[in-house]
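For reference, the chains in residue letters:
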Amino acid sequence: MSLVGNWSYPTAIRFGAGRINELPDACAKAGMKRPLLVTDKGLADLPITKAALDTIKAAGLGRGLFSDVDPNPSEVNLYAGVEAFKAGGHDGVIAFGGGSGLDLGKMVAFMSGQTRPLWDFEDIGDWWTRADPDAIAPIIAVPTTAGTGSEVGRAAIITNSVTHEKKIIFHPKVLPSVVICDPELTVGMPRFITAGTGLDAFAHCVEAYSSPHYHPMSQGIALEGMRLVIDYLPRAYADGTDIEARGQLMSAAAMGATAFQKGLGAIHALSHPVGAIFNTHHGTTNAVCMPAVLAFNAPAIKDRFDRAAGFLGIAGGFEGFQAFVQQFNDSFSIPRKLGELGVTRDKIDALVQGAIKDPSCGGNPIELTEENLRTLFEQVI
């Protein structure tokens, strides 16, 4: 099968190996003449980033770069990025990287022309209507990992550096106008990042599939996304140069983020405050939390996973799926407890309060109360 395609769902996606070379044409389509490439500190000096910058410079689009982006980006990073955007006279953003670079890049474009503070646009009710849509700069997204799917998302997660809470900022025009998914950009990922990001995509699909909201299109996408991760993550983990496996995981990442428009749940409600307070890797944190959340949600999701297990090639229905998830984690050396990632029990109160405020709570198939969130944290730490 040739893994090349031009898709228009949920936005214009150019998918295939080597398509990073189309970056100048994507800039033209998005109306950019002086883009700012936003990425994280770890990617800034890598060959894939330098090659992308060389490509846009050769096309006469300058060589703008902002890379002061933390693994869990904050408003401090954002305001520095907006300042760089304005100082450089840029007219658009190339969001380049994993979840941190993609989210921060989208927010630089979003906030570049706004007059209200960032937290006024948190994903609460219709707060997104407070933004001036004409002041949002165009965005191109180029993922270099296969996990978050932020390249096809209408929101970004930014950590409040004062309260240590992760906040979701939403606006329809934050959805990038052009996405370049080139699996060759993911070849250099270390094995633990390959595993963590792949399991992030898996968590997105599992939670979207578990969500009680009615959205059958999302349900189908989530199911196929789970299958792709199950089939191809072991291959990519074993051989990082397996382009077919890398490409299928990049598809699964975009599918997970598209599917979770249906909703997320307790996995993310737990992992967001953990990441904000302890700066853990998001996908790995999701993976650690998943077995406990599956057990908690069992009364509400058993029937649907009884059906899904057969499609996924897993015997034993929901119970078989539960056992598989733990074995899958173990095969990638994922810790069984968050304590192994540096999470400590003395912060449980803060973690519970952060989880209560997280919008992901609303997508869980069983109501998340303060009491059962505390119980879940005690189980996973």
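Just above sits the structure.
This report concerns the structure included in the present document. (Residues numbered from 1 in each chain as written. Predicted model: local features only at pLDDT ≥ 70, side-chain atom pairs only at ≥ 80, totals over all residues. Heavy atoms only, no water.)

Observations concerning the sheet that holds strand 4 (residues 64-66)
So, point 1. With mixed pairing, seven strands are arranged side by side in an open sheet as 1-2-9-6-5-3-4. Looking along the sheet, the strands with just one partner apiece sit at the ends: strand 1 (5-7) and strand 4. In this sheet, neighbouring strand axes are inclined to one another by 20° on average, regardless of whether the strands run parallel or antiparallel.
So, point 2. Of the pairings in the sheet, the one linking strand 3 (residues 35-38) to strand 4 comprises three bridges and is parallel in character. Residue Val-38 lies in a different strand from strand 4, and its bridge partner there is Phe-66.
So, point 3. Across the sheet, helix 1 (residues 23-30) lies against strand 2 (12-15), strand 3, strand 5 (92-97), strand 6 (139-143) and strand 9 (178-181), angled at about 150° from strand 6, the strand it touches most. (Pairing = 2+ DSSP bridges. Helix = DSSP H or I, 4+ residues; strand = E, 2+ residues; numbered from the N terminus. Axes fitted to C-alpha atoms, helices over the stretch in contact; angles between N-to-C directions. Contact = heavy atoms within 4.5 Å.)

What about helix 10 (residues 317-331)?
So, point 1. With 15 residues, helix 10 ought to run about 21 Å at 1.5 Å a step, and its terminal C-alpha atoms sit 21 Å apart, in line with that.
So, point 2. Those residues of helix 10 lying buried are Gly-317, Phe-318, Gly-320, Phe-321, Phe-324, Val-325, Gln-326, Phe-328 and Asn-329.
So, point 3. Buried residues along helix 10 sit against helix 5 (191-210), helix 6 (216-238) and helix 9 (282-311). (Expected span 1.5 Å × (residues − 1). Buried < 20%, exposed > 50% of the residue type's maximum accessible area, 1.4 Å probe, protein only.)

Regarding the side chain of Ser-271
So, point 1. With respect to the helices, strands and loops of the structure, Ser-271 is situated in helix 8 (residues 266-278).
So, point 2. Polar contacts involving the side chain of Ser-271 include one to the side chain of Asn-286, which spans 2.7 Å.
So, point 3. If near-sequence neighbours (up to four positions away) are discounted, Ser-271 is found in contact with His-282, Thr-285 and Asn-286. (Polar contact = N/O pair within 3.5 Å; in protein donor to acceptor, adjacent residues only side chain to side chain.)

A closer look at the state of the cysteines
So, point 1. In this structure the tally under the stated criterion is zero disulfides.
So, point 2. We note that Cys-27 lacks a disulfide partner, and the nearest cysteine sulfur, in Cys-181, lies 16 Å from it.
So, point 3. Of the residues examined, Cys-27 reaches a relative accessible area of 0% and is grouped as buried. (Disulfide = S-S within 2.5 Å.)

Observations regarding the packing of aromatic side chains
So, point 1. What the rule picks out here adds up to 11 aromatic pairs.
So, point 2. An angle of 25° between the planes, with centres 4.8 Å apart, marks the rings of Trp-7 and Phe-15 as stacked.
So, point 3. Three or more aromatic residues joined by ring pairs make a cluster, and in this case those are Phe-202, Tyr-209, Tyr-237, Phe-305, Phe-318, Phe-321, Phe-324, Phe-328 and Phe-332.
So, point 4. In this arrangement the basic side chain of Arg-130 is found over the ring face of Trp-127, its NZ or CZ atom lying 4.2 Å from the centre.
So, point 5. Over the ring of Tyr-237 we find Arg-191, and its NZ or CZ is 4.0 Å from the ring centre. (Phe/Tyr/Trp six-rings, centres within 6.5 Å; stacked < 30°, edge-to-face > 60°. Lys NZ or Arg CZ within 6 Å of the ring centre and 35° of its normal.)

What to know about unusual backbone geometry
Trans peptide bonds make up the majority, and among non-glycine residues the majority have a negative phi.
So, point 1. A cis geometry characterises the amide bond from Tyr-9 onward to Pro-10, with omega recorded as 0°.
So, point 2. Of note, Pro-10 is situated in the loop between strand 1 and strand 2.
So, point 3. The phi dihedral of His-164 falls on the positive side, at around 60°, and the residue is not glycine.
So, point 4. Tracing the chain through its elements places His-164 in the loop between strand 7 (155-160) and strand 8 (165-170).
So, point 5. The class for His-164 is partly exposed, based on a relative accessible area of 42%.
So, point 6. In this structure, Ser-333 is a non-glycine residue whose phi angle is positive, near 60°.
So, point 7. One can find Ser-333 in the loop between helix 10 and helix 11 (348-357).

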